[in-house]
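Residue-level structure breakdown
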Amino acid sequence: MRNWLELIANFFSSFFYVEPSCLLRVTRILTSVSLMKAVILAAGYGTRLQKDVLSDRSGRYAHLAGVAKPLLPVGDRALISHWVRALSDSGGVDCIYVVTNAVYLSAFQEWAAHFPNVQILCDQTTSNDNRLGAVACLQLSIKHFQIDDHVVVIGGDTLFREDFSVRRVLERFSHLQAEKDSSCLVLSYQCADQETQKYGILEVDADHRVVCMKEKPLPTETPSRRACPCFYVLSKKSLHYLDTFLEEKKDAPIGQRDAPGNFVSWIIPRAPVFAYHISGRFDVGNLSSYLECDLYFRDKLQDVQSYMV
């Protein structure tokens, strides 16, 4: 693909005079748009949501018992299917890898049979107590599938508001790559004061480069209200940091190496990371947050076919 894009740039330069510096910039932008890979992290056990479902005495949510969060019905399809369609239609991703656990493996394999560009990987864990953690699952995917491309990393229990566009995010990433090929891109949205203690909060400079990410700070501990959801575009030059991070954290409690935000926070001093603003997200953690998400997709989403593309 890279050679074809370079030929296109050279073709236009043969008909029109283009300043050499401008042609170089155009070529760099074009050739940085090679197809990426996507890894969807779906190895969680959904303990909070399943606890809510089992404790509900109405019976209205019995059909959700034992269902992995990414496979929950949201609107007219499974939550994760919204991502597969948006990533596939964006034109920037050619392979989608989903990492899950041994408990939900067969359910994901059955679901993936309808998507030829999706492959499933099992982390071999069987309970929340012996989980690998999201960062280790990402590393497992990179090594198992021998990924040597830029990677879109997505939390399998997350969706965004209707104005979000995978294509626009990848275009922004491509421009960053043209400037510096080690650049990574994360998302941020405005959260309320009382919500800072629930999320990783980004602090950015005037160029939207991330200066630091504070994990669940008090409102008084940061002037920022930029919450960072689990959607990252990692450059292929940054992937080797996974090994270093996990080696450094191998003796740390699971809480310090589980959440992918811990890796993002760690990588910020080592590679340029930029923030891309979005309007908001749905984080399916418990039953009430799932019902809110499902209601939005059933009653408020205007155009499901172009959603997130």
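Report follows, based on the coordinates. As the structure is a computational prediction, the values presented were derived from the model and not from experiment.

Of the regular secondary structure elements, the protein chain holds 10 helices and 14 strands. In the protein chain, which comprises 309 residues, the proportion classed as buried is 51%. Put simply, 71% of the contacts in the protein chain that link residues at least 6 apart link residues at least 24 apart.

Contact geometry of helix 6 (residues 134-144) with helix 8 (residues 241-248) gives a least axis separation of 10 Å together with a crossing angle of 140°. Taken together, helix 6 and helix 8 sit at an angle that is classed as oblique. Between helix 6 and helix 8 lies a crossing of left-handed hand. On helix 8, the residues that touch V135, A136, L138, Q139, I142 and K143 of helix 6 are L242, D243, F245 and L246.

As enumerated under the stated definition, the model contains 13 salt bridges in all. In this structure, K69 engages D157 in a salt bridge whose closest nitrogen and oxygen atoms are separated by 3.0 Å. Here K69 is found in the loop between helix 3 (47-55) and strand 2 (73-74), whereas its partner D157 is found in the loop between strand 6 (151-155) and strand 7 (158-160), with 88 residues between them in sequence. Judged by relative accessible area, which is 15%, K69 ranks as buried. Accessibility expressed as a relative area gives 21% for D157, which makes it partly exposed. Put simply, K37, D94 and D149 are held in one network by salt bridges that share partners.

Attention now moves to the state of the cysteines. If you walk through the whole model with that rule in mind, you get 0 disulfides. Lacking any disulfide linkage, C122 is separated from the closest cysteine sulfur, that of C137, by 9.2 Å. For C122, a relative accessible area of 11% puts it in the buried group.

Okay, the nonpolar core next. By size, the foremost hydrophobic cluster in this structure holds 58 residues, and its most contacted members are W83, W111, L159, F164 and F231. Ranked by residues supplied to this core, first place goes to helix 4 (residues 79-89) with 6 residues. Here W83 is in contact with I40, I154, G155, T158, L159, F160, F164, V166, F231 and M308, once residues within four sequence places are set aside. In terms of nonpolar packing, the next biggest core, distinct from the first, is built from 38 residues, V99, V210, M213 and Y232 among them.

Conventions we followed
- Residues numbered from 1 in each chain as written.
- Predicted model: local features only at pLDDT ≥ 70, side-chain atom pairs only at ≥ 80, totals over all residues.
- Heavy atoms only, no water.
- Helix = DSSP H or I, 4+ residues; strand = E, 2+ residues; numbered from the N terminus.
- Buried < 20%, exposed > 50% of the residue type's maximum accessible area, 1.4 Å probe, protein only.
- Contact = heavy atoms within 4.5 Å.
- Axes fitted to C-alpha atoms, helices over the stretch in contact; angles between N-to-C directions.
- Parallel < 35°, antiparallel > 145°, perpendicular 65-115°, else oblique.
- Left-handed = near helix turned anticlockwise from the far one by under 90°.
- Salt bridge = Lys/Arg side-chain N within 4 Å of Asp/Glu carboxyl O.
- Disulfide = S-S within 2.5 Å.
- Core = buried A, V, L, I, M, F, W, Y, C linked by side-chain atoms within 4.5 Å.

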